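# Structural characterization, general
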Amino acid sequence: MWNLVGRCSPCSAWLVEIWRRIRLEFTVELPLLKARWKQVLFGALFQYVHGIFTQLAHRMHQPQEQLLGDIGFKYLPELGLENAWVSETIFWCMFIPFILWTFSPFVTARKRFYTAVLYARLLMVLVTCQILRIISFTVTQLPAPNYHCRLGKDTAVREMPKHWWGHVVVDVGRQATHGCGDLIFSSHTTFVLTGVLTFTEYGETLVIKVITWIAVTIMGLCIIASRKHYSVDVVVAFYTVPLVFYTLHRRWTTKRPVQEDWPHRPLAGEEEVELAEMDLESGEESKVDMSKQPLLPPLLPVVQQGRASVSHSRSSSRSQVELGKGGPSMPNLPAAAAADDAQRGSGGAASAASGMRQPRPRSISVMAGPPPEAFEPRDDSPTPREGRQGASTSGLPAVPSKQRIT
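The structure presented is a predicted model; accordingly, all values stated were derived computationally and were not measured.

## Some points on a nonpolar patch on the surface
Taken together, the side chains of Tyr48, Trp164, Trp165 and Val168 make up a nonpolar region of the molecular surface, amounting to roughly 480 Å² of accessible area. Along the polypeptide, valine 168 turns up in the loop between helix 5 (115-139) and helix 6 (172-177). Taking relative accessible area as the criterion, valine 168 reaches 36% and is therefore assigned partly exposed.

Next up, the structure:
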């Protein structure tokens, strides 16, 4: 009995570790899901809208005795109705592992993406492709090449409903296996290509990426050989889905650059979530190698009225560099500040007298600089060159013409 307990102790420790990771990942993913729940919900509900339009395409379908000419039908051997399961098997063998892979951050130590962020992007790509697909098969109805969609088959045509709410009720089972008319472009290829492109972008193993691309190519050929789609349906999907994927991916990464470990720039409030995640880690996993972490852009200094100015931050940075390197001196800084205040006061009085409203000066954060004594002219300071603008003969130090006073 003690041997049995000793054998089960590693299993129990492994289960405890997996449960700890799941709880930790849930605390991290929940705020991200709350920030993107609208995208995820819209992408899920649009699958129902897509089903409504595919059912409408079946009702608009006009079967013909002679199919359209297709080069794939000419050179690919026909699998027949009894072998139609081949393409479906490849589809499910790729679809189910992909869904499991999207939840891998909950159980694995290496984290390359957030599941909530991944599904938000994935569903938006899928919705965009489905919108293009709905437009394509609605404007032109092609005779479906599938066996149950040919002329003389009872399943080739569906009657129009007598009331409008008949379009809202979708026969999911019939549309999934015996739909007709929704041809351009292939829905199975769209789903699989979206998953393959996502794994290509965020996956790790090169061998699996190559296998998935080979599998999706074989699936496309099997779809044509099974006479489920024309060759144009598969070909259009093969260049439309990548174009949509990388177009939207470029739009996302403009604001959230893809790095090695995190595929997005954190939104407002997500920095605290990442820090909390690192704090909750214990043991050896709490040691974070900062050299391998993505270099996120620093936050601009927060100024009054909730605004930040890039020019102010750049000018203040240059001032710090010049002061650190012993740049040109800034004499009579208090006098210049007093003159500036006097000028502002006179301008304000003039604007009050004329009734015109002057623009409100931007308020910036004042950096703590060296004492006023550091700006006094030194004996070893270089004298201004002859003929330089701003040179003074009255014994006062000259101010260079290109000097910036902040």
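Okay, back to it.
## Examining the pattern of salt bridges
Enumeration according to the criterion identifies four salt bridges in this entry. In this structure, arginine 21 and glutamate 17 form a salt bridge, with 3.3 Å as the shortest nitrogen-oxygen distance. Here glutamate 17 and arginine 21 lie together in helix 1 (residues 2-35), a separation of four residues that amounts to about one turn. On the basis of relative accessibility, which here comes to 27%, the residue glutamate 17 falls in the partly exposed class. For aspartate 182, the salt bridge identified is with arginine 133, shortest N-O distance 3.1 Å. A residue pair is termed long-range when its members are at least 10 positions apart, and aspartate 182 in the loop between helix 6 and helix 7 (187-202) and arginine 133 in helix 5 qualify at 49 residues. Here the salt bridges do not stand alone but share partners, grouping Glu17, Arg20 and Arg21 into one network.

## A closer look at the side chain of histidine 58
Looking at the secondary structure, you find histidine 58 in helix 2 (residues 37-60). Histidine 58 sits in the buried class, given a relative accessible area of 0%. A polar contact of 3.0 Å, which involves the side chain of histidine 58, links it to the backbone oxygen of threonine 155. Here glutamine 175 takes part through its side chain, which lies 3.4 Å from a polar atom of the side chain of histidine 58. Non-local contacts of histidine 58, meaning those with residues more than four positions away in its chain, are made with Thr155, Ala156, Val157, Arg158, Arg174, Gln175, His178, Gly179 and Cys180.

## A short note on the state of the cysteines
Going through the model one piece at a time under the given rule, you end up with one disulfide. Bridging cysteine 149 to cysteine 180, the disulfide has an S-S length of 1.8 Å. Because the sign of the S-S torsion sets the handedness, a value of about -85 degrees for the bond joining cysteine 149 and cysteine 180 places this disulfide among the left-handed ones. Here the residue cysteine 149 occupies a position in the loop between helix 5 and helix 6, and cysteine 180 occupies one in the loop between helix 6 and helix 7, the gap between them amounting to 31 residues. Its relative accessible area of 1% is what places cysteine 180 among the buried residues.

## Observations regarding the environment of phenylalanine 106
Inspection of the secondary structure assignment puts phenylalanine 106 in the loop between helix 4 (85-102) and helix 5. Judged by its relative accessible area of 15%, phenylalanine 106 is buried. Spatially, the C-alpha atoms of phenylalanine 106 and glutamate 29 are 9.5 Å apart, while their sequence positions differ by 77 residues. Not counting chain neighbours up to four residues away, the residues in contact with phenylalanine 106 comprise Ile18, Arg21, Ile22, Glu25, Phe26, Glu29 and Thr115.

## Quick notes on the nonpolar core
Counting 28 residues, the largest nonpolar core has Met94, Val125, Val192, Val216 and Met219 as its most contacted members. Those elements that place two or more of their residues in this core are helix 4, helix 5, helix 7, helix 8 (206-225) and helix 9 (231-255). Ranked by residues supplied to this core, first place goes to helix 8 with six residues. The residues contacting methionine 94, other than those within four sequence positions of it, are Val192, Val196, Thr212, Ala215 and Val216. Counting residues in each nonpolar core, the second largest holds eight residues, with Trp101, Phe113, Tyr119 and Tyr202 among its members.

## Quick notes on the packing of helix 4 against helix 5
Across the interface, helix 4 lies against helix 5 with an axial gap of 10 Å and an inter-helix angle of 135 degrees. Put simply, helix 4 runs oblique to helix 5. From helix 4, Phe98, Ile99, Trp101 and Thr102 reach across to helix 5, where they touch Thr115, Leu118, Tyr119 and Leu122. Among the residues forming the contact of helix 4 with helix 5, the class breakdown is six nonpolar, two polar and no charged.

## Quick notes on the packing of helix 4 against helix 8
Running from amino to carboxyl end, helix 4 crosses helix 8 at an angle of 150 degrees, the nearest separation of the two axes being 8 Å. What the angle tells us is that helix 4 and helix 8 run roughly antiparallel. Considering only the axes of helix 4 and helix 8, their crossing is left-handed. Residues Val86, Ser87, Ile90, Phe91 and Met94 of helix 4 lie in contact with helix 8, whose contacting residues are Thr212, Ala215, Val216, Ile218, Met219, Cys222 and Ile223. For the contact of helix 4 with helix 8, the class distribution of residues is ten nonpolar, two polar and no charged.

So, how was this worked out
- Residues numbered from 1 in each chain as written.
- Predicted model: local features only at pLDDT ≥ 70, side-chain atom pairs only at ≥ 80, totals over all residues.
- Heavy atoms only, no water.
- Patch = residues over 30% accessible without salt bridge, like charges linked within 9 Å, V, L, I, M, F, W, Y side chains within 5 Å.
- Areas by Shrake-Rupley, 256 points an atom, 1.4 Å probe, with all protein chains shown as cover.
- Salt bridge = Lys/Arg side-chain N within 4 Å of Asp/Glu carboxyl O.
- Helix = DSSP H or I, 4+ residues; strand = E, 2+ residues; numbered from the N terminus.
- Buried < 20%, exposed > 50% of the residue type's maximum accessible area, 1.4 Å probe, protein only.
- Polar contact = N/O pair within 3.5 Å; in protein donor to acceptor, adjacent residues only side chain to side chain.
- Contact = heavy atoms within 4.5 Å.
- Disulfide = S-S within 2.5 Å.
- Core = buried A, V, L, I, M, F, W, Y, C linked by side-chain atoms within 4.5 Å.
- Axes fitted to C-alpha atoms, helices over the stretch in contact; angles between N-to-C directions.
- Parallel < 35°, antiparallel > 145°, perpendicular 65-115°, else oblique.
- Nonpolar A, V, L, I, M, F, W, Y, C, P; charged D, E, K, R; others polar.
- Left-handed = near helix turned anticlockwise from the far one by under 90°.

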